[in-house]
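Chain by chain, the residues run as shown.
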Amino acid sequence: MSGLGDLEREVMAQLWDAGEPLTVRQVHERLDPARGLAYTTVMTVLDRLAKKGVVTQQKADRAYRYAATQTREEMTAALMFDALSAAPDGAARDAALAHFVGRVGPDGAAALAAALKAAAGDR
Amino acid sequence: MTALLLGALGLTLSLIVPGPLARARWTARAPGATVVLWQSVTLAAVLCALGVVLAAPEELVRAHGADQTFGVAALVAALGVAAVIVVRLLVSVGLVAYRSRVRRARHRLLADLLDAHAGLDDVVRVLDGGLPFAYCVPGRSPRIVLSQGTLRVLDTQQVAAVLAHERAHLSARHDVVMESFTAFYRAVPAPLRSRAPLDAVHILLEALADDAARRRHGNGPLREALQALGGPVGDLELEPHDAARERRWRLDRLAPGAPGTDARLSAAIYAVAAAILVLPTVLLVVPWLDRAMHTWPL
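All residue numbers here refer to positions counted from 1 along the written sequence of the relevant chain. Labels follow written order: the first chain is A, the first ligand is 1, and so on. Totals for whole chains, interfaces and linings use all residues, but because this is a predicted model, local features are given only for residues with pLDDT of at least 70 and pairs of side-chain atoms are given and counted only at 80 or more. With hydrogens and water set aside, each side-chain value is computed from the structure's full complement of heavy atoms.

Student: Could you clarify how one ought to interpret helix α3 (residues 39-51) of chain A in this entry?
Tutor: Owing to its 3.6 residues per turn, the α-helix aligns residues three or four sequence positions apart on the same side. Spanning 13 residues, α3(A) covers 19 Å between terminal C-alpha atoms, matching the ideal 18 Å at 1.5 Å per step. Check the buried side of α3(A) and you find it contacts α1 (3-18), α2 (24-30), β2 (55-60) and β3 (63-68) of chain A together with α4 (68-114) of chain B. By definition, any uninterrupted DSSP run of H or I lasting at least four residues is a helix, any uninterrupted run of E lasting at least two residues is a strand, and each is numbered from the N terminus. Any helix carries an expected span of 1.5 Å times its number of residues minus one. Contact between two residues is taken to exist if any of their heavy atoms lie within 4.5 Å; hydrogens are not considered.

Student: Would you mind going over the pattern of salt bridges with me for this structure?
Tutor: Here the idea is simple: oppositely charged side chains can pair when their charged atoms come close. Residue and element names in this part refer to chain B. Salt bridge criterion: a side-chain nitrogen from Lys or Arg within 4 Å of a carboxyl oxygen from Asp or Glu. A full pass over the atoms with the stated rule returns 17 salt bridges over all chains. Across the pair Arg214 and Asp211 runs a salt bridge whose closest N-O atoms are separated by 2.9 Å. Note that Arg214 and Asp211 are positioned in helix α8 (residues 196-217) at a spacing of three residues, about one turn of the helix. The structure contains a network of salt bridges with shared partners spanning Arg101, Arg104, Arg173, Asp175 and Glu179.

Student: What exactly am I supposed to notice about the sheet that holds β2(A) here?
Tutor: Whether parallel or antiparallel, the strands of a sheet pair through hydrogen bonds between backbone atoms. Residues and elements named next belong to chain A. A pair of strands is considered paired only if DSSP assigns at least 2 bridges between the two. Taken in spatial order, the three strands line up as β1-β3-β2 in an open sheet, and their pairing is antiparallel. Edge positions in the sheet fall to β1 (22-23) and β2, since each of these pairs with one other strand and no more. Bridging between β1 and β3 involves two bridges; their strand directions are antiparallel. Across the sheet, the residue bridging to Leu22 is Tyr66, located in β3. Sheet strands in contact with α1 are β1, β2 and β3, and its direction is about 90° off that of β3. Axes here mean lines fitted to C-alpha atoms, for a helix over just the part in contact, with angles spanning 0 to 180 degrees between N-to-C directions.

Student: Can you help me understand the sheet that holds strand β2 (residues 134-137) of chain B in this one?
Tutor: If you trace the four strands from one edge of the open sheet to the other, you get β4(A)-β2(B)-β3(B)-β1(B), paired in mixed fashion. At either end of the open sheet lies a strand with only one pairing partner, and these are β4 (98-99) of chain A together with β1 (124-127) of chain B. Examined bridge by bridge, β2(B) and strand β3 (residues 143-147) of chain B share four bridges and lie antiparallel to one another. Across the sheet, the residue bridging to Tyr135(B) is Val145(B), located in β3(B).

Student: Would you explain the packing of aromatic side chains in this entry?
Tutor: We describe a pair of aromatic rings using the distance from one ring centre to the other and the angle between the two ring planes. Residues and elements named next belong to chain B. For Phe, Tyr and Trp, where Trp contributes only its six-membered ring, two rings pair if their centres lie within 6.5 Å, and the inter-plane angle classes them as stacked under 30 degrees, edge-to-face over 60, or tilted in between. Under the counting rule described, the total for this entry stands at one aromatic pair over all chains. For the ring pair Phe133 and Tyr135, a centre distance of 5.9 Å and an interplane angle of 20° mean the geometry is stacked. The exposure classification of Phe133 matches that of Tyr135, with both residues buried. Directly above the ring of Tyr185 sits Arg193, whose terminal nitrogen or CZ lies 4.4 Å from the centroid. Exposure categories follow from relative accessible area, calculated using a 1.4 Å probe and restricted to protein chains: below 20% of the type maximum is buried, above 50% is exposed, and the middle band is partly exposed. Charge-over-ring contacts are defined here by two conditions on Lys NZ or Arg CZ: a distance within 6 Å of the ring centre and an angle within 35 degrees of the ring normal.

Student: I would appreciate a short explanation of the side chain of Glu58(B) in the present structure.
Tutor: Residues and elements named next belong to chain B. As for its placement among the helices and strands, Glu58 is situated in helix α3 (residues 31-64). Classification of Glu58 by relative accessible area gives buried; the value is 1%. A polar atom in the side chain of Glu58 sits 2.7 Å from the side chain of Trp288. For this analysis, a polar contact is any N or O atom pair within 3.5 Å, provided that within protein one partner can donate a hydrogen and the other can accept it, and provided that sequence-adjacent residues contribute only side-chain to side-chain pairs.

Student: Mind showing me how you'd approach the packing of α1(A) against α3(A) here?
Tutor: All names here are of chain A. Here α1 crosses α3 at 80°, and the two axes come no closer than 10 Å. Comparing the axis directions of α1 and α3 gives the class roughly perpendicular. In contact with Leu4, Leu7, Glu8, Val11, Met12 and Leu15 of α1, α3 contributes Thr41, Val45, Leu46, Arg48 and Leu49. Its residues placed into classes, the contact of α1 with α3 shows eight nonpolar, one polar and two charged. Note on terminology: angles under 35 degrees are roughly parallel, angles over 145 are roughly antiparallel, angles of 65 to 115 are roughly perpendicular, and the others are oblique. Gly is placed with the polar residues, together with every amino acid not listed as nonpolar (Ala, Val, Leu, Ile, Met, Phe, Trp, Tyr, Cys and Pro) or charged (Asp, Glu, Lys and Arg).

None of this, on its own, says anything about what the molecule does.
In structure tokens:
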């Protein structure tokens, strides 16, 4: 994975673990200070994540704070549901992803959604 | 006459051939050649449609001895309809490719962010969660996504077989083949199209990836992985009917004593695929072109 990709994952992990919106400085401090990461780099990464829609930017007390738009569990559930359920239009086979074994049918998708929701609620 | 023959051939290729070809058992012994055969049948059907559109007006004009102006009008109309067919196909290819790329980009992003293995591998991503599944996100920057559940259910050999299967999909760009068939399916008007090629090619590509995986890791681990990942998950019976049938078909190919791939059969299928594309052109289109060149007001 590229260096920026690694950093994106680590920044997301900090936001998820914090459980509250963080400023760029707070994220910067929480990442390993020993590796000499520039403040502006962290800002760039947060900006990229915001553009991709996985992070929101909120203004509070004259400072921008960043938060993940979904919890880790919600995002995992959303990804799995999208991966495992049938193609959105159903008419044609979806060519976007290839599964090791067949996808989940319409009935299965409903059951799966319920199971994922229950699992997310368990935490 | 040319238009009638091309029309009959086109309808045969698009409506009559797919059913028996999809049900044929010998395709299991030559999956790669059969994918090429499906491509040849599909492409030949499109060429037949174009041939009908171009030849029919010319033949009508010639049969009725119409005048020059009418001939020009018929030529323009024929070229217009042919252009519509081609553009419709290209637009469909573009749309399918675009939608796939958007969905893949989203999957790649989320899988990278959620990866529980901290990017140890360039391609493989592991997601939290007990539900066992494995899939790949094709493209120029591909990913293979596994769940923790998969790693719990499968042993090392079986995981290696699954990864080899997915890597075969990715390196052979099976997604491009699947996209092209999906695009053709969407572009063809409803009464003329058949789902059979789509489903048949899908399972043949799975067979090709299975063959790549078993060459490296043997039949056993792959078969066990297919059994473990495809069955009911806990008390959830998730597998739809056609997926269950596909899995049985793949398990049968991997069973001890099942016939392997057959090089001679493959060669014969390749020859038929080439003939389907070449023969109609040589026997029907070239003689017609020869006649038409004298008739068309060029």
